[in-house]
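# Remarks on the overall topology
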Amino acid sequence: MNHPEKQMEPLTQIPGIIMDLRYATANNFMHKKLYPANTKISFLRKVVFQALDSVAAELSHRGLVLVIFDAYRPYRITVDLWIPIQDERYAANPAKGSGHNRGIAVDLTLADSKTHQLLYMPTGYDSFSDSAHQDFKGTDINRIANRELLKQVMVKYGFVPLSTEWWHFSWPCPEKFEVLDLSFEQLEKS
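Residues numbered from 1 in each chain as written. Predicted model: local features only at pLDDT ≥ 70, side-chain atom pairs only at ≥ 80, totals over all residues. Heavy atoms only, no water.

The number of helices and strands found in the protein chain is five helices and seven strands. Sequence-ordered secondary structure for the protein chain, helices as α and strands as β, is β-β-β-α-β-α-α-β-α-β-β-α. Across the 190 residues that make up the protein chain, the buried fraction comes to 50%. Sequence separation of at least 24 residues holds for 72% of the intrachain contacts in the protein chain that already meet a minimum separation of 6. Of the roughly 9,200 Å² that the protein chain leaves accessible, carbon and sulfur atoms contribute 52%. Taken together, the 21 basic and 22 acidic charged side chains of the protein chain have centroids lying 1 Å from each other. (Helix = DSSP H or I, 4+ residues; strand = E, 2+ residues; numbered from the N terminus. Buried < 20%, exposed > 50% of the residue type's maximum accessible area, 1.4 Å probe, protein only. Contact = heavy atoms within 4.5 Å. Areas by Shrake-Rupley, 256 points an atom, 1.4 Å probe, with all protein chains shown as cover. Lys, Arg positive; Asp, Glu negative; His and termini not counted. Charge placed at Lys NZ, Arg CZ, Asp CG, Glu CD.)

A sheet is described by the order of its strands in space; here five strands give the open sequence 2-4-5-7-6, paired in mixed fashion. Strands with a single pairing partner mark the edges of an open sheet, and in this sheet they are strand 2 (18–19) and strand 6 (160–162). Summarising the sheet, strand 6 and strand 7 (residues 165–170) pair through three bridges and their orientation is antiparallel. Bridging from a neighbouring strand, L162 pairs with E165 of strand 7. The strands touched by helix 1 (residues 46–60) within the sheet are strand 4 (64–70) and strand 5 (105–112), with strand 4 carrying the most contacts at an inclination of about 140°. (Pairing = 2+ DSSP bridges. Axes fitted to C-alpha atoms, helices over the stretch in contact; angles between N-to-C directions.)

Right, let's get into the nonpolar core. The biggest cluster of nonpolar side chains holds 53 residues, and the ones touching the most others in it are L52, V106 and F159. Looking at this core, the elements that each hand over two or more residues are strand 3 (43–45), helix 1, strand 4, helix 2 (75–85), strand 5, helix 4 (141–156), strand 7 and helix 5 (184–189). Per-element accounting of this core gives the leading share, eight residues, to helix 1. The contacts of F159, once residues within four sequence positions are left out, are V48, A51, L52, V55, V106, M154, F169, S170 and W171. (Core = buried A, V, L, I, M, F, W, Y, C linked by side-chain atoms within 4.5 Å.)

Burial of strand 4 is extensive: seven of the seven residues sit out of reach of the surface. Judged from the two bridges that link them, strand 2 and strand 4 form a sheet pairing that is parallel. What sits directly across from I18, in strand 4, is V67. Examined bridge by bridge, strand 4 and strand 5 share six bridges and lie antiparallel to one another. Note on strand 5: the bridge partner recorded for L64 is D112.

Under the defined criterion, the tally for this structure stands at 11 salt bridges. Among the salt bridges present, the one from D181 reaches R76, with a minimum N-O distance of 2.8 Å. In this pair, D181 is assigned in the loop between strand 7 and helix 5 and R76 in helix 2, connecting sequence segments 105 residues apart. For D181, a relative accessible area of 36% gives the class partly exposed. The exposure class of R76 is partly exposed, given its relative accessible area of 39%. (Salt bridge = Lys/Arg side-chain N within 4 Å of Asp/Glu carboxyl O.)

Moving on, we come to the pairing of strand 7. Of all six residues making up strand 7, six are buried, and the element is well covered by its neighbours. The sheet contact formed by strand 5 and strand 7 spans three bridges and is antiparallel. The residue bridging D107 from the neighbouring strand is H168, located in strand 7. Connecting strand 6 to the next strand, strand 7, in antiparallel fashion are two residues.

Coordinates in, geometry out; function isn't part of it.
Pasting the structure below:
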């Protein structure tokens, strides 16, 4: 990771960001902690971090803040997540690694910057259904508008949405970034 673009940056350095790392709690589809207890930090590659910082700055002018569900994910966790799902629409195949393992993918939503109340989206996080798809129209118009706002601003700053998950965005050209299996503690120290 000697190349400056490949350095990992802690998301807690983005002003106003809320960390709600679901895999550090049992509040996820696996119903168990996959990250060490009390994990309150995650990382993205520098270029991706800078783009997300720009997203956060633009949204702050609209009275909104980013809520991070997941970003960098050690490779070994991808293996754990694949076992119960084994459907590439909703989980990364460990044979290929994932954008999360490369530090170039982020799962997130929006909240009101004053109350920290989450904006309504078409589904909750980790909903493996058609209603979580980026193009799903069969829901409340306000939920669709919130999803579209998130997508519009993320795409504006270079992110690519995953068609089956409204919350998941990746940086293009994943092949430029190697798969990592470093712990959060190792990344904090580096």
